[in-house]
Amino acid sequence: MARRHVYGYYALRALLSNLCLSLPAAAQQVSQVLTRPGLVEQSSISSGDTAWLLTSTALVVLMTIPGLALFYAGMVRKKNVLGTMAHSFAACCVASVLWVVVGYSLAFTPGSLFIGGLDRVMLDGVAYLKEAGKVSIHPLAPTVPESVFLMFQMAFAIITPALITGAFAERMKFSALLIFTALWSLLVYAPVAHWVWEPGGWLAARGVLDFAGGTVVHINAGVSGLVAAVMLGRRQGFGREPMPPHNLTFTVIGASLLWVGWFGFNAGSAVAADGRAGMAMLVTHVAAAVAALAWMAAEWVTRRKPSVLGIVSGSVAGLVAITPASGFVGVTGALVIGTVAGVACYWGATSLKSILRYDDSLDVFGVHAVGGVVGALLTGVFADRTISGVSGTVDVQLIGVFVTLLYSAIATALILWVIKMAIGLRIAPEAEREGLDISQHGEQIA
């Protein structure tokens, strides 16, 4: 579970887990009391924790714009560069507005086992009262203002739908993308975030561990990307004509920004400037480095040359896999998780894709879903009680993985089907040949 910097909180979750198996109503009532946001004295706020979470928030937003925008734009063809970057930028805007209107409330306030309440709709109750010396906080981050905590969480809600866009790059209508991002954020992201990260969520109560988004972000986005790629169909010429990346320099720069931003993603999830944040940062870096080497080695053996795209993709695979484990494991766990992820994601982005012949344009499923599953399951193996105060089990982690895969796939398919019936999903064949930049935006790069 994510965003816990008070170790005793994990003992509470274990208690809730036991209660929930026999008395779900009682467990839910206890959780609602303990996780309901409220006002506290300004003096209880930690300036160090707040400064770190503000910095982390900026780093996670940086991951989407410009990090992911550049990473994806470099891998598409020249005629689709602006359109691909627009996907990330638009996702940032749509997800941000929906988060403050209702998304935060649905994800992070007590409600039911499956969805949060409406206490924070339009951020009602999020307050800073200077004269009274009061500020609102969320109990999952009791030493920082609630405004900072919800903004940090918003950055996660931004990047998750943006990740999905890589799976259907070069062929979706921009209007369909906007509607999909809005519906998916509310109907898929918010519920799954509530299940895993809010103690009243049913997966959290059963002990599923996800420190910073292995299930909520990466498995969720990866399987949704696969569903979208299949439902839209393959790009014209896929498998018959070359589709080389336009500018791998963009991709390397984007991957580098993702790597740096990931320190905020994972270490920021400690919601405190403490030793746990430091350990999360350390294992994040180690896993990214060893995964890049593992992907490179696998590619070198099978294809005789280590590509630059492969090296940077391997680093992202390691970052994805360590995400759920980052607050729970030590360096040994990070080395193993990164190594396995590098090889597994290389297989997912090459062999598996070739066998099944789906057109996941930028390997969202192969990297994020495969890497997320590897990381989630190995969290159950390497979770260290001395670091986190909790131990994991593979069987419990498997429940979280399976449920997320199933719900995300079904819900995404339904959302896309509704959009297809209403306005259509895919641009016309002639528009696809012309490219997204001209056909969807009336612009092009020089």
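Each residue is numbered by its place in its chain's sequence as written, counting from 1. With the structure being a predicted model, the display of local features is reserved for residues of pLDDT at least 70 and the display and counting of side-chain atom pairs for 80 or more, all residues being used for whole-chain, interface and lining totals. Here the side-chain values reflect all heavy atoms present in the structure, with hydrogen atoms and water set aside.

## Side note on the overall build of the chain
Alright, step 1. For the chain, the count of helices and strands is 17 helices and three strands.
Alright, step 2. Note that the radius of gyration is over C-alpha atoms, with the globule rule given as 2.2 Å times the number of residues to the power 0.38. Relative to the compact-globule value of 22 Å for 446 residues, the chain shows a C-alpha radius of gyration of 21 Å, a close match.
Alright, step 3. Principal-axis analysis of the C-alpha atoms places the extent of the chain at approximately 60 × 45 × 40 Å.
Alright, step 4. In the chain, 79% of the contacts between residues at least 6 apart in sequence involve partners at least 24 apart.
Alright, step 5. Every accessible area reported is derived by Shrake-Rupley at a probe size of 1.4 Å, with residue values counting cover from the shown protein chains alone. Of the roughly 16,000 Å² of accessible surface on the chain, a fraction of 70% belongs to carbon and sulfur atoms.
Alright, step 6. Side-chain charges of the chain comprise 26 positive and 22 negative groups, with the mean position of each set lying 8 Å from the other. The way it works is that DSSP assigns letters per residue, a run of H or I at least four long becomes a helix, a run of E at least two long becomes a strand, and they are numbered from the N terminus. By definition in these notes, contact holds between two residues if any of their heavy atoms fall within 4.5 Å. The positive count covers Lys and Arg only, the negative count covers Asp and Glu only, and His and the chain ends enter neither. A charge is said to be at NZ when it belongs to Lys, at CZ for Arg, at CG for Asp and at CD for Glu.

## Quick notes on the pattern of salt bridges
Alright, step 1. Each reported salt bridge corresponds to a side-chain nitrogen of Lys or Arg within 4 Å of a carboxyl oxygen of Asp or Glu. Throughout the structure, instances matching the rule amount to nine salt bridges.
Alright, step 2. One salt bridge connects Asp119 with Arg36, and the closest N-O pair in it is separated by 2.3 Å. Here the residue Asp119 occupies a position in the loop between helix H4 (81-108) and strand S2 (128-129), and Arg36 occupies one in the loop between helix H2 (24-34) and strand S1 (38-41), the gap between them amounting to 83 residues.
Alright, step 3. Only protein chains enter the area calculation, which uses a 1.4 Å probe; residues under 20% of their type maximum are buried, those over 50% are exposed, and those in between are partly exposed. Taking the relative accessible area as the measure of exposure, Arg36 reaches 37% and is therefore partly exposed.
Alright, step 4. Glu170 is paired through a salt bridge with Arg235; the nearest N and O atoms lie 2.6 Å apart. One end of the pair, Glu170, is in the loop between helix H5 (146-164) and helix H6 (174-197); the other, Arg235, is in the loop between helix H8 (214-232) and helix H9 (248-267), and 65 residues separate them in sequence.
Alright, step 5. Given a relative accessible area of 1%, Glu170 falls into the buried group.
Alright, step 6. A cluster of three or more residues bridged by salt bridges with shared partners is formed by Arg77, Glu170, Arg171, Arg235 and Asp359.

## Considering the packing of aromatic side chains
Alright, step 1. Stacked, edge-to-face and tilted are the three classes for Phe, Tyr and Trp ring pairs, Trp counted by its six-membered ring, which pair at centre distances within 6.5 Å; planes under 30 degrees apart are stacked, over 60 edge-to-face, the rest tilted. Applying the stated rule across the entire model yields 18 aromatic pairs.
Alright, step 2. Consider the rings of Phe71 and Tyr72, whose centres lie 6.0 Å apart with planes at 35°: the pair is tilted.
Alright, step 3. Residue Phe71 is classed as buried on the basis of its relative accessible area of 6%.
Alright, step 4. Residue classification places Tyr72 among the buried residues on the basis of a relative accessible area of 2%.
Alright, step 5. For the ring pair Phe108 and Trp197, a centre distance of 6.4 Å and an interplane angle of 20° mean the geometry is stacked. Taken together, the residues span a long stretch of sequence, with Phe108 in helix H4 and Trp197 in helix H6 at a distance of 89 residues.
Alright, step 6. Residue classification places Trp197 among the buried residues on the basis of a relative accessible area of 0%.
Alright, step 7. What links up through ring pairs into an aromatic cluster is the set Trp99, Tyr104, Phe108, Phe149, Phe152, Phe156, Tyr189, Trp197, Trp262 and Phe265.

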